[in-house]
Number of protein chains: 2
Amino acid sequence: MKEFIIKANKAVTNGEINLKDLPGSSGRLDLLCRCVNSAFFLSHDMRRDTIFYSVNYGDPNPPVTLKFVGSELKRVSPDERSIALFIKKALEKDATELWKESTSGIYSSKREFRDIILEKKNEGKRIFYLHLNGKPLEDFEFKDDEDFLFVLGDHIGIGDEDEEFLEEIGAEKISLSPLELHADHCIILVHNILDRLK
Amino acid sequence: MKEFIIKANKAVTNGEINLKDLPGSSGRLDLLCRCVNSAFFLSHDMRRDTIFYSVNYGDPNPPVTLKFVGSELKRVSPDERSIALFIKKALEKDATELWKESTSGIYSSKREFRDIILEKKNEGKRIFYLHLNGKPLEDFEFKDDEDFLFVLGDHIGIGDEDEEFLEEIGAEKISLSPLELHADHCIILVHNILDRLK
């Protein structure tokens, strides 16, 4: 199982989403839509072995965590606008401690970024933090039967405190490229590394 | 220099683009927008050493070839809607034999898919055809100072005749993954291979 989590510092936390302005007033929701695309869409197929979390810290009601479960997703198309419509539905529900399903495979809850990561750590998953200054990809060995959580930042980054937290829990800091890449592009690269193990 | 070309079998060939329906009535224009994103966007930067061509064969006026030149692009944002607006402007111009610039770094002309590929071949570029059934990536050697053209298909593929043409001109058929990937995801993987040579 491959899981991804992004800290979305500015992403909106209610359903007031202007579909004509995903980057601006919705707090870079376009990036989240592309992350969902990267996480799940194959040509004529979907990745059922993947879960993607977006922890939104934008106004007016942070945090809201969205969870996308590949094995349950239905009717989602790969384009940003279609994905944004599903995110809008999820954010229209009042988020509470418990996961609430809005449409098939898409859930929301009121959880913090660190809570999700700690939960995955306690489940025994191997935690990677993707960062330009991490150790190069070639220094790591991946096994096909391992369970992974990959931690991603948005255009702002996850911040010093969360970086320290990741270090404390033993997250492995990995660099996929000598260039600074968008989170959605990193997801593509991670999938490819794991696909080619098979 | 890295160049990419996609044969977009259904992509619209005039400016009548419904921004609320890029996948349907515009003939998978959403995919082209994501290809432009993948070809050029880095976090807080753009790839200036890349050119991307989309050869549109949809109604009403096929073919129209769009050319995006990384070193000249200005004001384009990474989201699909913003890129689609620039494509709309380019397709509003009547395409002729000569390249016509619509906005900075974006050109259109009335050229065929094979014409562009042959032009690049004659310029001495190494031509790769990305395909699930190609030889695996590990079988190839890339050099940092080579010039490349990577040929991509859309959800329909490039068709038997164009596949034969590519074979005749000595294109190298390469597979990046054991899974069938979207063209925009392939662009990310190609960039990463070449970035890591440096």
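Residues numbered from 1 in each chain as written. Chains lettered and ligands numbered in written order. Predicted model: local features only at pLDDT ≥ 70, side-chain atom pairs only at ≥ 80, totals over all residues. Heavy atoms only, no water.

- UniProt lists chain A under the name tRNA (pseudouridine(54)-N(1))-methyltransferase, from Methanococcus maripaludis.
- Check the Catalytic activity section of the UniProt entry for chain A; it says "pseudouridine(54) in tRNA + S-adenosyl-L-methionine = N(1)-methylpseudouridine(54) in tRNA + S-adenosyl-L-homocysteine + H(+)".
- If you open the UniProt record of chain A and go to Sequence similarities, you find "Belongs to the methyltransferase superfamily. TrmY family." (UniProt positions renumbered as here; feature names shortened; annotations may be inferred.)

Examining the relation of the copies chain B and chain A
Related by rotation about an axis and a shift along that axis, the two copies of the chain form a pair.
Right, so step 1: Overlaying chain B on chain A yields an RMSD of 0.0 Å, the required transformation being a rotation through 180° with an accompanying axial translation of 0.0 Å. Accordingly, the operation relating the two chain copies is best matched by a two-fold axis.
Right, so step 2: A shared binding surface is used by both copies, with 100% of the interface residues of chain B retained as interface residues in chain A. (Least-squares fit on C-alpha atoms with pLDDT ≥ 70 in both. Contact = heavy atoms within 4.5 Å.)

Section: the confidence of the model for chain A
Close inspection of predicted coordinates is inappropriate in any region flagged by low pLDDT.
Right, so step 1: Looking at chain A, the pLDDT average stands at 97 and 100% of residues meet or exceed 70.
Right, so step 2: Interface confidence in the predicted complex, given as ipTM, is 0.98; pTM for the same model is 0.98. (pLDDT = per-residue confidence, 0-100.)

A short note on the pairing of strand β1 (residues 2–8) of chain B
Residues and elements named next belong to chain B.
Right, so step 1: Across the seven residues that make up β1, a large majority, seven, are buried.
Right, so step 2: Where burial is concerned, the two faces of β1 agree: the one with Lys2, Phe4, Ile6 and Ala8 and the one with Glu3, Ile5 and Lys7 are both buried.
Right, so step 3: In the sheet, β1 pairs with strand β4 (residues 50–56) via seven bridges, with the strands oriented parallel. Counterpart to phenylalanine 4 in the pairing with β4 is phenylalanine 52. (Buried < 20%, exposed > 50% of the residue type's maximum accessible area, 1.4 Å probe, protein only. Helix = DSSP H or I, 4+ residues; strand = E, 2+ residues; numbered from the N terminus. Pairing = 2+ DSSP bridges.)

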